Amino acid sequence: MGQAFSITPARRLSGEIAVSGDKSISHRALMLAALAEGESVIEGLLPGDDPRSTAACLRALGAEISGIDGPSVRVRGVGLGRLHEPADVLDMGNSGTTMRLMLGVLAGQPGLFCTLTGDRSLRSRPMLRVVSPLRQMGARIWGREEGGRAPLAVWGEQLRAIDFVSPVASAQVKSAVLLAGLLAEGLTSVSEPVRSRDHSERMLRAFGAEVLVDGTTAAVRGPARLRAQSLRVPGDISSAAFWLVAGSIVPDSQLLLSGVGVNPTRTGILDALTAMGADIAVENRREVCGEPVADLRVRSASLKACTIGGEWIPRLVDEIPVLAVAACCAAGKTVIRDAAELRVKESDRLATMARELGRLGAHIEERPDGLVIEGGHPLVGAGVESHADHRVAMSLAVAGLVAAGTTKIADSDCATVSYPQFYEQLARVRQP
Ligand code: S3P
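Everything numeric in this text was worked out from a predicted model, so none of it was measured. (Residues numbered from 1 in each chain as written. Predicted model: local features only at pLDDT ≥ 70, side-chain atom pairs only at ≥ 80, totals over all residues. Heavy atoms only, no water.)

Take the overall build of the protein chain next. What the protein chain contains, in helices and strands, is 15 helices and 24 strands. Over its C-alpha atoms the protein chain spans a radius of gyration of 21 Å, differing by no more than 12% from the 22 Å that the globule rule assigns to 432 residues. Dimensions of the protein chain, computed from C-alpha atoms along their principal axes, come out at roughly 60 × 40 × 40 Å. Across the protein chain, every contact between residues at least 6 apart in sequence was considered, and the portion connecting residues at least 24 apart equals 75%. (Helix = DSSP H or I, 4+ residues; strand = E, 2+ residues; numbered from the N terminus. Rg over C-alpha atoms; globule rule 2.2 N^0.38 Å. Contact = heavy atoms within 4.5 Å.)

Right, here's the structure in full:
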């Protein structure tokens, strides 16, 4: 159990925040650099626990990675198909992205044997969604529940290209299959019901792979060769989301979030908050290493309820916990639906948010695929728990900014998974 964090209401928030690097892009930058030929330089990498898990695995597989704590990280890649067999179990900590994407990388390395595990949360998360398409490609993967849960073992094989129709809109599933396709002969494609985040497609192209995209289908041609690159990771819109909500609900606030990634597959939070009446300006749009970036300015606003579901969900899937906090402060009944995927994240986020916001006095009801929140009932500070889930911990801290009295969040330091500077930046923008 980690440390507790206590928070009292803020009078106002103001200042500029450089949110830390995008978690999804940081994982992909490390992985593709490790699979490329030559030395890549990555600036702005997220110094969080999850990318560190990816870096540790890639080191165990033969990549040389230096400067992970500094502003620019150097990665000497081994080249596709040339990973070394690790001498020990690969521990992926809390990181679902590391495990799912690395399964795609490892399954196609002929003759390589690896075992993969993680923390209690990761060992409970569903892996068949990735293991099944990889098996269709010829992968040999074993694990608990017939390969459905870690620990998992992989014996690398020469894989076949497939056309996979995914039942879920999941960038982790899509990316795992595309990464496996890099070493298969021919075109490997993945079609999704709704397009998920496309960072893998963009970055694979930047590293020199042939990537084809048509609507909700993405494909890669193998065998590919990746060449080392210089990259800059944009700020994480999923981390910016905490400030977008905090700046909206704390009175008299104004925050400027600089250098945030605004890839259209990730900007559902901007659309949802705007529909709720938030005052968010997107300024200084630019492109950084193939990803759209902008500065976001948020000012306090009176929020109103809205309905969030359908095609919006994949574009804001990680922001639903903090959107639930916004909904507590919005006039009317907010309905979040089609979000059953939240049950298989770092925690069951529908259950954990309903329970913990309920402890603060929120009128919140859990549904099988979402939440119904009646806003406008004042929150009152209480003891709450993060359930070892980084986004739950930070969402509860945002709620604590408007809850009367003191909110004490147990096990709050899991925020380091995706946003190590969060509490420090919160102290800086909070005005006395
Ligand atoms: C991620 C994809 C999403 C997201 C996760 C990161 C990625 O998961 O929730 O935090 O980096 O590809 P799914 O692909 O399972 O929806």
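Glancing now at the environment of Ala327. Relative to the helices and strands, Ala327 resides in helix 12 (residues 320–328). According to the relative accessible area criterion, Ala327 is buried, its value standing at 0%. Those residues in contact with Ala327 that sit more than four places away from it in its chain are Met276, Thr334, Ile373 and Gly375. (Buried < 20%, exposed > 50% of the residue type's maximum accessible area, 1.4 Å probe, protein only.)

Taken together, Lys23, Ser24, Arg28, Thr97, Ser170, Ala171, Gln172, Arg197, Val317, Asp318 and Lys345 make up the full set of residues adjacent to the ligand. Side-chain polar atom of Arg28 to an oxygen atom of the ligand: 2.6 Å apart, as the coordinates give it. One of the backbone nitrogen or oxygen atoms of Gln172 is found 2.9 Å away from an oxygen atom of the ligand. A total of 380 Å² of accessible area belongs to the ligand in isolation, and the protein chains cover 95% of it. (Near = heavy atom within 4 Å. Polar contact = N/O pair within 3.5 Å; in protein donor to acceptor, adjacent residues only side chain to side chain. Areas by Shrake-Rupley, 256 points an atom, 1.4 Å probe, with all protein chains shown as cover.)

Time to look at helix 3 (residues 96–107). An α-helix turns once per 3.6 residues; consequently, residues spaced three or four apart project the same way. Spanning 12 residues, helix 3 covers 17 Å between terminal C-alpha atoms, matching the ideal 16 Å at 1.5 Å per step. In terms of residue burial, helix 3 counts as a mostly covered element, since 12 of its 12 residues are buried. Gly96, Thr97, Thr98, Met99, Arg100, Leu101, Met102, Leu103, Gly104, Val105, Leu106 and Ala107 are the residues of helix 3 that are buried. (Expected span 1.5 Å × (residues − 1).)

Once that is clear, we can look at helix 2 (residues 49–60). Along its 12 residues, helix 2 runs 17 Å from first to last C-alpha, staying within 8% of the 16 Å computed at 1.5 Å per residue. By the burial criterion, the buried members of helix 2 are Asp50, Pro51, Ser53, Thr54, Ala55, Cys57 and Leu58. Structurally, helix 2 contributes buried residues whose contacts are with helix 1 (23–35), strand 4 (64–66), strand 6 (90–91) and helix 3. Looking at the residues trailing helix 2, positive phi occurs at Gly62, about 110°.

This part takes up the sheet that holds strand 23 (residues 407–410). With mixed pairing, the three strands of this open sheet are ordered in space as 1-23-22. What marks the edges here is a single partner per strand, and that holds for strand 1 (5–7) and strand 22 (383–385). If you compare each strand with its neighbour and ignore which way they point, the axes differ by 25° on average. Judged from the three bridges that link them, strand 1 and strand 23 form a sheet pairing that is antiparallel. From the neighbouring strand, Ser6 faces strand 23, where its bridge partner is Lys408. (Pairing = 2+ DSSP bridges. Axes fitted to C-alpha atoms, helices over the stretch in contact; angles between N-to-C directions.)

With that settled, consider the domain arrangement of the protein chain. When its domains are assigned, the protein chain resolves into domain 1 (5–21 + 234–431) and domain 2 (23–222). Each of domain 1 and domain 2 has a C-alpha centre, and the two are 28 Å apart. For the pair domain 1 and domain 2, the interface holds three salt bridges. Its salt-bridge partner being Arg125, residue Glu346 comes within 3.9 Å of it at the nearest N-O pair. Seen at the junction of domain 1 and domain 2, the total is 14 residue pairs in polar contact (both at pLDDT 80 or more). (Domains from an automatic or database assignment. Salt bridge = Lys/Arg side-chain N within 4 Å of Asp/Glu carboxyl O.)

Bringing the sheet that holds strand 21 (residues 370–374) into the picture now. Taken in spatial order, the four strands line up as 18-19-21-20 in an open sheet, and their pairing is mixed. Looking at which strands have only one partner, the edges of the open sheet turn out to be strand 18 (307–308) and strand 20 (363–367). As paired strands, strand 19 (residues 333–336) and strand 21 are joined by four bridges and run antiparallel to one another. The partner of Ile336 across the bridge, within strand 21, is Leu371. Along the sheet, helix 13 (residues 349–359) contacts strand 20 and strand 21; its crossing angle with strand 20, the most-contacted strand, is approximately 160°.

This part is about the packing of aromatic side chains. Inspection of the entire model under this criterion finds six aromatic pairs. An angle of 75° between the planes, with centres 5.1 Å apart, marks the rings of Phe422 and Tyr423 as edge-to-face. Given a relative accessible area of 0%, Phe422 falls into the buried group. With relative accessibility at 17%, the residue Tyr423 sits in the buried group. Counting every residue linked through ring pairs, the aromatic cluster contains Phe5, Phe242, Trp243, Tyr419, Phe422 and Tyr423. (Phe/Tyr/Trp six-rings, centres within 6.5 Å; stacked < 30°, edge-to-face > 60°.)

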